[in-house]
Amino acid sequence: MAFWSSTSAFTSKVPRKILFMFTLSLSVTYLFYSLMSCYNSLRFPVQESYAEQGRLVTEETTVALRDKLSSSSTSRGYTAGDALYKTATVQTGYVAVPTAEREGEGEGDHVGSDRKDTEWVGTAIAPTEVAAAGGQNAVLEREHQESSTTDEELSRRGNSTPEYGEKKLPQAIIIGVKKGGTRALLEALRVHPDVRAVGVEPHFFDRNYEKGLDWYRDLMPSTLEGQITMEKTPSYFVTSSAPKRIHSMAKDTKLIIVVRNPVTRAISDYTQTLSKRPEIPTFEVLAFKNRTLGLIDASWSALRIGIYALHLESWMQYFPLSQIHFVSGERLIVDPAGEMAKVQDFLGLKRIVTDKHFYFNKTKGFPCLKKPEDSSAPRCLGKSKGRTHPKIDPDVIRRLHKFYKPFNMMFYQMTGQNFEWEQEEKQ
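Owing to the predicted nature of the structure, the values given are computational and were not obtained by experimental measurement. (Residues numbered from 1 in each chain as written. Predicted model: local features only at pLDDT ≥ 70, side-chain atom pairs only at ≥ 80, totals over all residues. Heavy atoms only, no water.)

## As for the nonpolar core
- Counting residues in each nonpolar core, the largest one holds 36 residues, and the members touching the most others are Ile246, Trp315 and Phe411.
- Every element with two or more residues in this core is listed here: β7 (172-176), α7 (212-219), α8 (242-249), β11 (254-259), α12 (308-316), β14 (324-328) and α15 (394-415).
- Ignoring any residue separated from it by four or fewer positions in sequence, one finds tryptophan 315 in contact with Ile175, Tyr236, Phe237, Ala242, Pro243, Ile246 and Leu255. (Core = buried A, V, L, I, M, F, W, Y, C linked by side-chain atoms within 4.5 Å. Buried < 20%, exposed > 50% of the residue type's maximum accessible area, 1.4 Å probe, protein only. Helix = DSSP H or I, 4+ residues; strand = E, 2+ residues; numbered from the N terminus. Contact = heavy atoms within 4.5 Å.)

Shown next, in the form of structure tokens:
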């Protein structure tokens, strides 16, 4: 009773307005901390590896993006200030798909790999990276990483030209995408007498940057006046720090990106991993968080790499489109000479690599280089290329096409090119 009496006496002396404001302040503070607690519990942790977790994206969440795309400008379809693409996150109204620091690795030999089966080898004419949602994701994403090789091995395998001329930093780099056809493009370019390229993937701008430019330059083959130095590391395209680092090296560097239908690319990515780890779950299991509800797991790198517009935004902050050339992975197969003509024009080279350099290997399903005059065998990609894809449920293919469509439309607008991937869906 004494307590209530004292309380009553206190409140009678305090003005009602002050008491009301004090109570309101406590309520707002409590609400604020409650909301912060909910926000933190819903956030996805940012990981150091390229297996960074993304938000789940459903087919329904692409509606908002599609509406914005239909009303955006088609002159370039994209500006740095476009509300649809701010910073490095694609906003879809309800969810966001964050960019990964390192989505995946390249297709051929690299610093950290001693594989030889992806090199062009003499052969007779004859015949994907995955991560499950949750616990499976972290384990299987590590499949992208390979065992290290020494710097001596890299130097020995990377420099195949005689020791004359001068070693220079690359003036042009094939920066992506994984399983897009980068190895085929590089080997075709190496036929040109004015192109000198390191055969392995240096991974300088994503894994070995701390070794410095002198280390990087030493990996390059020697070149003469008028020759171009090149390298290719497909994981650069999905590495958020790579654009700034390459720009710091040389702001006039020319960039080449080989892209293909993101659905086909994801299946090819999965097929590559399946060949190494047959025990992994099926593509259908890994592609969906909840297939019944249509929850696509965009945190799986095999799918996230194919959101090209998301990754391209980072590069356009440092490089104009005039310094970026896009190669169609599909046309590189059906018309390699035509694609090579455009690449040679972009690099300022004489059109020397033409249709006379290619033949189509029906068993592998892609073009090979015709044998040089001093060789007894044609040059074709090794056994790791042209693998037969596993049969995927058509309904899953349809859902993925629907998922990628708005992102593809944005990519077309950003690049000013229509790659016609939607035509494949109709077929």
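This is not the end of the story, as more comes after the structure.
## Here we look at the packing of aromatic side chains
- Summed over the entire model, instances satisfying the criterion amount to 21 aromatic pairs.
- With a centroid separation of 5.6 Å and an interplanar angle of 80 degrees, the aromatic rings of tyrosine 270 and phenylalanine 283 are classed as edge-to-face. One end of the pair, tyrosine 270, is in helix α9 (residues 262-276); the other, phenylalanine 283, is in helix α10 (residues 283-287), and 13 residues separate them in sequence. Both residues of the pair, tyrosine 270 and phenylalanine 283, count as buried.
- Between phenylalanine 411 and tryptophan 421, the ring centres sit 6.2 Å apart and the planes meet at 10 degrees, which makes this aromatic pair stacked. Of the two residues, phenylalanine 411 sits in helix α15 while tryptophan 421 sits in helix α16 (residues 421-426), which places them 10 residues apart along the sequence.
- In this structure an aromatic cluster arises from ring pairing among Phe204, Phe205, Tyr209, Trp215, Tyr216 and Tyr236.
- Across from the ring centre of phenylalanine 346, 5.4 Å away, lies the NZ or CZ of lysine 254, which sits over that ring. (Phe/Tyr/Trp six-rings, centres within 6.5 Å; stacked < 30°, edge-to-face > 60°. Lys NZ or Arg CZ within 6 Å of the ring centre and 35° of its normal.)

## A closer look at the sheet that holds strand β10 (residues 228-232)
- One open sheet holds the 5 strands; their spatial order is β8-β10-β7-β11-β14, and the pairing between them is parallel. Each of the sheet's edge strands pairs with one partner strand only, and the pair in question is β8 (195-197) and β14. Looking at each pair of strands side by side, their axes are set apart by 25 degrees on average, direction ignored.
- When β7 meets β10, the two strands line up parallel, connected through 3 bridges. Counted as the bridge partner of isoleucine 173 is glutamate 231 from β10. (Pairing = 2+ DSSP bridges. Axes fitted to C-alpha atoms, helices over the stretch in contact; angles between N-to-C directions.)

## Some points on α12
- Most of α12 sits inside the fold, with 8 of its 9 residues counted as buried.
- The complete set of buried residues in α12 reads Tyr308, Ala309, Leu310, His311, Leu312, Glu313, Ser314 and Trp315.

## Side note on the pairing of strand β16 (residues 366-369)
- Sheet topology note: the strand β15 (residues 358-361)/β16 ladder contains 4 bridges and is antiparallel. Following the sheet pairing, phenylalanine 358 is matched in β16 by leucine 369.
- The turn linking β15 back onto β16 is made up of 4 residues, and glycine 365 within it adopts a positive phi angle of 90 degrees.

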